[in-house]
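Each chain is listed here by its residues.
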Amino acid sequence: MDVFALSAQRAEEARHVLEVLDVKGAWQSVGAEVRLVGSVRTGLLLNKRDIDMHVYTDRPDMAESLAAMTPIVSRDGVEKMECRNLLHTEEACLEWHVWFRDAAGELWQLDIIHIRKGSQYDGFVEDFGDRLQAALTEETRAAILHLKAQTPEHEQTAGIFYYLAVLRDGIRTYEDFCRWRRNLPSESIVTWRP
């Protein structure tokens, strides 16, 4: 399997989904700054059709957020939407999750996090992505993509597990990855930076 070609194809498909749903335009209509984050941005998208975005406004509120999301979720192909209101928590954000079936019948999940500009989370994930890209070599990128390709579809494994395993701990086989993951202290995920 050519994991590089498949990853590039998935990234192209993801960008097409964003265009079809006009995510950027919908959020810019309420004055938001829109940033692509996650595996689409880093070039590490493979078998999990997941698109992550952060959108920033001065004062996120439900009415503004809902106004941006309405044209997105009104499009053909959107099957489900969920919102988590975390405005009154430390995260002070709104999490939107949208499931969209594309013209080929594939189901995509979009995670759009509405964050306050200047908060402690402004740019945090973006910085992580920049550091990750800087740390990757062709060999480590291939190792991450191969591990993702071997992960069964029903398993929900966050990308950070692959990055930590490959870049920090030198994991290269799926068997070693499974063993490593069983023994990984959870605090490693929270504190690790490439």
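Our structure's up above, just so we're on the same page.
The rules behind each value
Residues numbered from 1 in each chain as written. Predicted model: local features only at pLDDT ≥ 70, side-chain atom pairs only at ≥ 80, totals over all residues. Heavy atoms only, no water. Phe/Tyr/Trp six-rings, centres within 6.5 Å; stacked < 30°, edge-to-face > 60°. Helix = DSSP H or I, 4+ residues; strand = E, 2+ residues; numbered from the N terminus. Buried < 20%, exposed > 50% of the residue type's maximum accessible area, 1.4 Å probe, protein only. Lys NZ or Arg CZ within 6 Å of the ring centre and 35° of its normal. Pairing = 2+ DSSP bridges. Axes fitted to C-alpha atoms, helices over the stretch in contact; angles between N-to-C directions. Contact = heavy atoms within 4.5 Å. Parallel < 35°, antiparallel > 145°, perpendicular 65-115°, else oblique. Nonpolar A, V, L, I, M, F, W, Y, C, P; charged D, E, K, R; others polar. 1 Å grid on protein atoms, 1.4 Å probe; cavity = no way out; pocket = protein on both sides within 12 Å on 5 of 7 lines; lining within 4 Å. Points joined across faces, edges and corners; volume = space filled by probe spheres on them. Salt bridge = Lys/Arg side-chain N within 4 Å of Asp/Glu carboxyl O.

Participant: Explanation requested: the packing of aromatic side chains in the structure shown.
Facilitator: For any two aromatic rings, the description comes down to two numbers: the centre-to-centre distance and the angle of the planes. Following the criterion strictly, the structure yields four aromatic pairs and no others. Each ring, one from Phe128 and one from Trp192, has its centre 5.9 Å from the other, and the planes form 70°; the classification is edge-to-face. Taken as a pair, Phe128 in helix α5 (residues 124–135) and Trp192 in the segment after α9 (187–191) lie far apart in primary sequence, 64 residues in all. Residues Phe128 and Trp192 agree in their burial class; the two are buried. Judged by centre distance (6.2 Å) and plane angle (35°), the rings of Tyr174 and Phe177 are tilted. Highlighted residues: Tyr174 and Phe177, both in helix α8 (residues 174–182), separated by three residues, approximately one helical turn. Directly above the aromatic system of Trp108 lies the positively charged group of Arg49, at a separation of 5.9 Å from the ring centroid. Taking the ring centre of Phe161 as reference, the NZ or CZ of Arg181 above it sits at 4.1 Å.

Participant: What exactly am I supposed to notice about the sheet that holds strand β4 (residues 93–101) here?
Facilitator: One key point about sheets: their strands pair by backbone hydrogen bonds, in either a parallel or an antiparallel sense. As summarised here, the arrangement of the five strands in space is β1-β2-β5-β4-β3, forming an open sheet in which the pairing is mixed. Single-partner strands in this sheet number two, and they are β1 (33–37) and β3 (78–86). Across the sheet, the mean angle from the axis of one strand to that of its neighbour is 20°, orientation sign disregarded. With five bridges joining them, β1 and strand β2 (residues 50–57) adopt antiparallel strand pairing. By the bridge assignment, Arg35 is partnered in β2 with His54. Contacting β2, β3, β4 and β5 (107–116), helix α4 (residues 62–73) runs over the sheet at an angle of about 10° to β4.

Participant: Just to check I follow, could you spell out the packing of helix α7 (residues 159–168) against α8 for this structure?
Facilitator: Packed helices, taken two at a time, are described by their axes: the angle between them and the distance between them. Closest axis-to-axis distance for the α7/α8 pair is 11 Å, and the angle between their directions is 105°. In terms of orientation, α7 lies roughly perpendicular with respect to α8. Of the residues in α8, those in contact with Phe161, Tyr162, Leu164 and Ala165 of α7 are Phe177, Trp180 and Arg181. Residue composition of the contact of α7 with α8, grouped by class: six nonpolar, no polar and one charged.

Participant: For this particular structure, what's the right way to read the layout of surface pockets?
Facilitator: Where empty space is left becomes clear once a probe the size of a water molecule has been rolled over the atoms. Of the voids in this model, the largest pocket is the one considered here, and its volume is about 1700 Å³. Lining the largest pocket are 49 residues, with Asp50, Asp52, Asp111, Ala158 and Gly159 positioned closest to its centre. Of all the secondary-structure elements, those providing two or more residues to the lining of the largest pocket are α3 (38–42), β2, β4, β5, α5, α7 and α9. The element that contributes the greatest number of residues to the lining of the largest pocket is β5, accounting for six residues.

Participant: How do you make sense of the pattern of salt bridges when you look at a structure like this?
Facilitator: Once the charged atoms of two side chains with opposite charge are near each other, the side chains can pair. For the structure shown, the criterion picks out 13 salt bridges. Of the charged contacts in the structure, one is a salt bridge between Glu139 and Arg172, with a shortest N-O distance of 2.7 Å. Of this pair, Glu139 sits in helix α6 (residues 138–150) while Arg172 sits in the loop between α7 and α8, and the two are 33 residues apart along the sequence. Assessed through its relative accessible area of 43%, Glu139 is described here as partly exposed. On the accessibility criterion, Arg172 (33% relative accessible area) is partly exposed.

Participant: Is there a simple way to explain unusual backbone geometry in this structure?
Facilitator: Both trends apply: most residues other than glycine have a negative phi, and most peptide bonds are in trans. A positive phi angle, close to 50°, is found at Asp22, a residue other than glycine. Exposure remark for Asp22: the relative accessible area of 34% places this residue in the partly exposed category. Of note, the phi angle at Ala92 is positive, near 45°, even though the residue is not glycine. Of note, Ala92 is situated in the loop between β3 and β4. Here Ala92 falls in the partly exposed class, since its relative accessible area comes to 23%.

Participant: How do you make sense of the environment of Thr191 when you look at a structure like this?
Facilitator: For Thr191, the position within the fold is in helix α9. Note on Thr191: relative accessible area 59%, which makes it exposed. In the structure, Thr191 is positioned 43 residues away from Lys148 in sequence and 22 Å away in space, judged by C-alpha atoms.

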